[in-house]
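# Breakdown of the fold
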Amino acid sequence: MKTSSETAPAGRVRQAKDWVQVLAKYREPSTLRSILELVATVVPFLLLWTLAWLSMMISYWLTLGIAVLNGLFLVRLFCIQHDCGHGSFFKSRTVQDWVGRCLGVLTLTPYDVWRRTHSIHHAQHGNLDQRGIGDVLTLTVEEYRARGRFGRLMYRLYRNPLVLFVLGPSYLFILQNRLPLGLMTSGWRYWLSAMGTNAVLAIILGLMIWLGGLMPLLLIYLPTSMIAGTIGVWLFYVQHQFEETHWAKGDDWQLHEAALAGSSHYVLPQPLRWLSANIGIHHVHHLYSRIPFYRLPEILRDYAELAEAQRLTPLESLRSVNMHLWDEKLGRLLSFREVRSLYGVA
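Residues numbered from 1 in each chain as written. Predicted model: local features only at pLDDT ≥ 70, side-chain atom pairs only at ≥ 80, totals over all residues. Heavy atoms only, no water.

A contiguous nonpolar patch, built from Y171, I174, L175, L179, L181, M184, M195 and M226 and spanning about 680 Å² of accessible area, is present on the exposed surface. Looking at the nonpolar patch, the element that brings in the most residues is helix α8 (residues 161-175), giving three residues. Its location among the elements puts I174 in helix α8. (Patch = residues over 30% accessible without salt bridge, like charges linked within 9 Å, V, L, I, M, F, W, Y side chains within 5 Å. Areas by Shrake-Rupley, 256 points an atom, 1.4 Å probe, with all protein chains shown as cover. Salt bridge = Lys/Arg side-chain N within 4 Å of Asp/Glu carboxyl O. Helix = DSSP H or I, 4+ residues; strand = E, 2+ residues; numbered from the N terminus.)

Right under this line is the structure:
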């Protein structure tokens, strides 16, 4: 992975916070472009859903294959919902909030609850003093050492790939999102968001079972949702969990430094870049979250320094699965094996 910063015309090194002013000119969305991006995602998603339903008369394996493919379009719908939550997709806040709420039904994610917890993630990312909402739990070496044997075992189970990327996404989207966890006492808005989403989901699922029985639920709805959830959690994981990421505490933590140094530039090939709505350009997104996803490639074309910063290829990202604990002394993530070798902690 490479990191870099831009040398400003005056000869000084541009600091992370200085990028905010540079990137501000890219924040304006195009209403026409946003509509086209939405249509180009919703229409294939609905067509594949219809095709999967019809294919049940031919082969259940064919139905399952189409459902898995459609999980990729559901990921893109979630990424559009993500932009709506940041206020970057349409000029009208009301329009994008309602688009986000409708998409939240499809993605099993109460929009207003997610928007709030995700804003907390952006405001506190990389801050060791502010963890626990909207992020992947990451302990420091010292915190891990201070735990008893049972506490270490539970953390190891949590960081196990089977839990993080298979069981975790299903639990998160199917069960956890049914309640406004983290915001239970924060007001009626979040309960209305969660319960309203649940009510619409219940109607949709009821109609689905009434019209087609359990097979559409088992062969189309659940596989599409679970595949999308797994991909979504993986993308979120590699965006911040890599060896040279950035964590700090107290006065050493700075919002924009954490945004740039603690977020990866996940270099995906096309069409995966399109299907993930450029979410891999995550370091730029964290620096300025009000930029529409379809304008992020412009920034990489205009600023080679950002194009080269924090690059993480799909092959390199596989190593991040074995990165579990933040070492404050070394300033990098370590594997359990490295912690055992360096500190004698199992």
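Attention now moves to the nonpolar core. In this structure, F89, F165, I220, Y221, W234, Y237 and Y266 are the most contacted members of the largest nonpolar core, which totals 48 residues. At the level of secondary structure, the elements contributing two or more residues to this core comprise α2 (31-55), α3 (60-85), α4 (93-106), α8, α9 (188-212) and α10 (215-240). For this core, the leading source of residues is α10, giving ten residues. Excluding residues that lie within four positions of it along the chain, F89 makes contacts with P29, S34, E37, L38, I80, D83, C84, Q96, F293 and Y294. Of all hydrophobic cores here, the second largest spans 18 residues; its members include A16, W19, V22 and L306. (Core = buried A, V, L, I, M, F, W, Y, C linked by side-chain atoms within 4.5 Å. Buried < 20%, exposed > 50% of the residue type's maximum accessible area, 1.4 Å probe, protein only. Contact = heavy atoms within 4.5 Å.)

Taken as a whole, this structure holds 14 aromatic pairs when the rule is applied. For the ring pair W234 and Y237, a centre distance of 6.2 Å and an interplane angle of 20 degrees mean the geometry is stacked. Within this pair, W234 and its partner Y237 are both found in helix α10, separated by three residues, close to a single helical turn. W234 sits in the buried class, given a relative accessible area of 18%. (Phe/Tyr/Trp six-rings, centres within 6.5 Å; stacked < 30°, edge-to-face > 60°.)

Let us look at the sheet that holds strand β5 (residues 332-334). In spatial order, the strands read β1-β4-β5; together these three strands make up an open sheet with mixed pairing. Bordering the open sheet on either side are β1 (139-140) and β5, each of which pairs with just one other strand. Bridge analysis of β1 against strand β4 (residues 325-327) gives two bridges, and the strand direction is parallel. Of the residues in β4, the one forming a bridge with T140 is W326. Lying on the sheet, helix α17 (residues 336-343) is in contact with β4 and β5; it crosses β5 at an angle near 95 degrees. (Pairing = 2+ DSSP bridges. Axes fitted to C-alpha atoms, helices over the stretch in contact; angles between N-to-C directions.)

As a further point, take unusual backbone geometry. The peptide bond linking Q270 to P271 adopts the cis configuration, its omega dihedral lying at 10 degrees. As for its position among the elements, P271 is in the loop between β2 (265-266) and α12 (272-275). Here Q310, not a glycine, exhibits a phi torsion of approximately 55 degrees, which is positive. Tracing the backbone through its elements, the reader meets Q310 in the loop between α15 (304-308) and β3 (311-312).

What follows deals with the environment of A248. Secondary-structure assignment places A248 in the loop between α10 and α11 (255-261). Between the alpha carbons of A248 and L128 there is a distance of 5.7 Å; along the sequence they are 120 residues apart. The residues touching A248, leaving out its near neighbours within four places in the chain, are G126, N127, L128 and W253.

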